[in-house]
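Examining the three-dimensional arrangement
Listed here are the chains, written in short residue letters.
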Amino acid sequence: HFDHFKRRLDLCQQFAIPTMLLVADFAQSPDQAALGRAVVSLAQAAQWAAGFGVRLALEFRGSDAFCSCLDTAVTLVE
């Protein structure tokens, strides 16, 4: 997945796309370990994106089990 993500960042850089939208894909409410992995992965993704001159945006969806509102999206990003 990380190689695919980096290829997308490269495309964003080549086409001067300043922001890439990410969507949380929790199938169910995460346990503490899954939430910890998500936070680490988002931080790493943001570092890679910065290296390509791309910003990341996290979308929330009301129908999801987690990250279903602005509050949880902000908390996850913080």
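A brief look at the structure comes next. Not measured: the values here are computed from a predicted model.

About the thresholds
Residues numbered from 1 in each chain as written. Predicted model: local features only at pLDDT ≥ 70, side-chain atom pairs only at ≥ 80, totals over all residues. Heavy atoms only, no water. Helix = DSSP H or I, 4+ residues; strand = E, 2+ residues; numbered from the N terminus. Buried < 20%, exposed > 50% of the residue type's maximum accessible area, 1.4 Å probe, protein only. Contact = heavy atoms within 4.5 Å. Areas by Shrake-Rupley, 256 points an atom, 1.4 Å probe, with all protein chains shown as cover.

**Let's talk about the overall build of the chain**
The number of helices and strands found in the chain is three helices and two strands. Written out in order from the N terminus, the α and β elements of the chain read α-β-α-β-α. By its C-alpha atoms, the chain is 35 × 20 × 20 Å across when sized along the principal axes. Buried positions account for 22% of the 78 residues belonging to the chain. Look at the contacts in the chain between residues 6 or more apart in sequence, and 66% of them connect residues 24 or more apart. About 5,600 Å² of surface is accessible on the chain, with carbon and sulfur atoms providing 56% of the total.

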